[in-house]
Amino acid sequence: MAIPSGASTSIILRLEMNKETSSFAQVAAAVGDAGGDIVAIDVGRSDKTITVRDITVNVYDQKQTELIVEAVNAVNGVKVVHVSDQTFLLHIGGKIETTPKTPIKNRDDLSRVYTPGVARVCMAIHEKPSRAHSLTIKRNTIAVVSDGSAVLGLGNIGPEAAMPVMEGKAVLFKQFAGVDAFPICLNTQDTEEIIQIVKAIAPSFGGINLEDISSPRCFEIEQRLIEELDIPVFHDDQHGTAVVLLAGLLNAVKLVGKRMEDLKIVVCGIGAAGIACSKMLLAAGVTNIIGVDRAGAIVRGETYENRAWQWYAENTNPEGLSGSLSEVIRGADVFIGVSGPGVLKVTDLQQMAKDPIVFAMANPTPEISPEEAEPYVRVMATGRSDYPNQINNVLCFPGIFRGILDCRASRVTEEMKLAAAKAIASVVSDEELNEYYIIPSVFNASVVETVREAVIQAAYESGVARKAAPTSPKPVTVY
Ligand SMILES: NC(=O)c1ccc[n+]([C@@H]2O[C@H](COP(=O)([O-])OP(=O)(O)OC[C@H]3O[C@@H](n4cnc5c(N)ncnc54)[C@H](O)[C@@H]3O)[C@@H](O)[C@H]2O)c1
Ligand SMILES: O=C(O)C[C@H](O)C(=O)O
Ligand SMILES: [Mg+2]
């Protein structure tokens, strides 16, 4: 599968050029003919016969990189000796590190930070365990836990391969909300074992963010951990996604002048995200939702071994529609994709009702590309950072955890999720609302602050807040 790397990705080609037989003009022409755009040139070394040059080229995907390398290698007297990709360079050694808050400059400092001074603090916590919230990193630290079983839309690629995503989530938690997050990828996909491991590591954390754990195991893991731990547990792919989806839909519906209760919505991919999004839509007043998975629509009245699908069959698809995505999408107002790449066709879009709303949220490759869909839809959104209308759980998880930690909520209630969705939607004013701006940018500093405040308020109203929250949110770095 070719994974688009994003429009802003560039590669650096190191070239050895024979001075007599080649010219840079030939190289530039070869790159240009292969669709590449040279943005920088460095001369690394030059002697009588050879020049070594690094050229930086903007590319769209892996396939284009291969075409450019092939084209440059075909120029007489030119050899590509190395290709580096800025995305890979950025990942060397990982994306986060631990930084001490207090320097150790002398023996005095050492005896406070470490033994013997630290022992008094240990005993204070031993006498009253809740002191861990004020005397350790617990109050501002969460675990991002995955088993690597449903990493983005890449599937079951295992715990090591899941690490770059979990490290990325940790970066986002810190940058957008000041929350410290540890990526923890487990070498087990056994439900009971995951539950026991998370319970065992919980003392160090103020909250647990479950990530990219496939359905239906994710439902039991989350439910059991909520019941058995005294810190909040939040499966991001379910609830973070559902919150942001609802925020985007509230604004999209306002824009096209339709009402939630009149919508026909097709949800494709009835896994962690699809089920949670559907539940949130039902809670928001939508009545006509049809879920479609690999084998077609989930049909009311049929029996399913998967308990989550059985619930789904009993609570959606009131008209009992059956068949493929192309069959059930006829007349739909909204398509929500949380499945995999390329599932939706232009011919499907052509069958939708007037002013179609398409949220193709599979990552990194959506159910249909915005370029293909644009002529046929009124509102188009994806989960990606490089197109307008990014419907991605990153708009939710930093702010919701900032709020949870600040009021030391014991759990996350439905009211808190609904408040977060409305808060995100409210960041886009009526004057700003348009087809390309139904959801705020993740770089909009008011998103985290607005979500945090709404979540804290809802936590108090739900009776789950255990501490008075600081009045002003933590500073957020915005680039
Ligand atoms: N934009 C976001 O914020 C966001 C958030 C969560 C998940 N997602 C995306 O949603 C997708 C699913 O994630 P998940 O955590 O729910 O995974 P999951 O494994 O729990 O569920 C995926 C479901 O999609 C179904 N599916 C896969 N390919 C399909 C196809 N071609 N047609 C119909 N159904 C298909 C699977 O059978 C499964 O039921 C991934 O691509 C993920 O990147 C996006
Ligand atoms: O990681 C993301 O970008 C969103 C989401 O959690 C996903 O699994 O796709
Ligand atoms: Mg995810």
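What you see is a predicted model; the values in this text were computed from it and never measured.

A.B. asks: Which residues make up the site of ligand 1, and what values go with them?
C.D. replies: The environment of ligand 1 is formed by 28 residues, the closest being G153, G269, G271, A362 and G383. Elements with a contribution of two residues or more to the shell around ligand 1: α10 (236-256), α11 (272-283) and β10 (288-293). In terms of residues, the shell around ligand 1 owes the most to one element, α11, which gives 3 residues. Considered class by class, the residues forming the shell around ligand 1 number 12 nonpolar, 13 polar and 3 charged.

A.B. asks: Any details on the nonpolar core? Residues and values, ideally.
C.D. replies: If you look at the biggest cluster of nonpolar residues, it comprises 121 residues, and the most contacted ones within it are A420, I424 and V455. Ranked by residue count, the leading element in this core is α10, at 10 residues. Counting only domains with at least three residues in this core, you end up with domain 2 (107-231) and domain 3 (241-479). The residues contacting I424, other than those within four sequence positions of it, are V244, A247, L395, C396, I439, P440, V447 and V451. Counting residues in hydrophobic clusters, the runner-up holds 13 residues, among them V27, V31, I55 and V72.

A.B. asks: So what's going on with the sheet that holds strand β1 (residues 10-18)? Which residues, and what values?
C.D. replies: One open sheet holds the 4 strands; their spatial order is β2-β3-β1-β4, and the pairing between them is antiparallel. The outermost strands of the open sheet, each flanked by one partner alone, are β2 (37-46) and β4 (78-85). For this sheet the average axis-to-axis angle between neighbouring strands, irrespective of direction, equals 20°. In the sheet, β2 pairs with strand β3 (residues 50-58) via 8 bridges, with the strands oriented antiparallel.

A.B. asks: Which residues make up the site of ligand 2, and what are the values?
C.D. replies: For ligand 2, the full set of nearby residues is L152, V165, D212, D236, D237, N363, G383, N392 and N393. Class assignment of the residues belonging to the shell around ligand 2 gives a composition of 2 nonpolar, 4 polar and 3 charged. No fewer than three residues from each of domain 2 (107-231) and domain 3 (241-479) sit in the shell around ligand 2.

A.B. asks: Explain the UniProt feature "binding site: (S)-malate" (unreviewed entry) in the protein to me, and be specific about the residues and the numbers.
C.D. replies: When the UniProt feature table is mapped onto this chain, "binding site: (S)-malate" (unreviewed entry) is found at N363 and N392. Judged by maximum C-alpha separation, these annotated positions cover 30 residues in sequence but sit close together in space, the widest gap being only 9.3 Å. In this structure, N363 sits in the loop between β13 (357-360) and α15 (370-373). Residues contacting N363, with those up to four places away along its chain left out, are L152, G153, G383 and R384. The class of N392 is buried, set by 22 C-beta atoms lying within 10 Å. In this structure, N392 is in contact with V244 and G383, ignoring residues within four places of it in sequence.

Thresholds, definitions, all that
Residues numbered from 1 in each chain as written. Chains lettered and ligands numbered in written order. Predicted model: local features only at pLDDT ≥ 70, side-chain atom pairs only at ≥ 80, totals over all residues. Near = placed C-beta within 6 Å. Helix = DSSP H or I, 4+ residues; strand = E, 2+ residues; numbered from the N terminus. Nonpolar A, V, L, I, M, F, W, Y, C, P; charged D, E, K, R; others polar. Core = buried A, V, L, I, M, F, W, Y, C linked by C-beta atoms within 7 Å. Buried ≥ 20, exposed ≤ 12 C-beta atoms within 10 Å, placed from the backbone. Domains from an automatic or database assignment. Contact = placed C-beta atoms within 7 Å. Pairing = 2+ DSSP bridges. Axes fitted to C-alpha atoms, helices over the stretch in contact; angles between N-to-C directions. UniProt positions renumbered as here; feature names shortened; annotations may be inferred.

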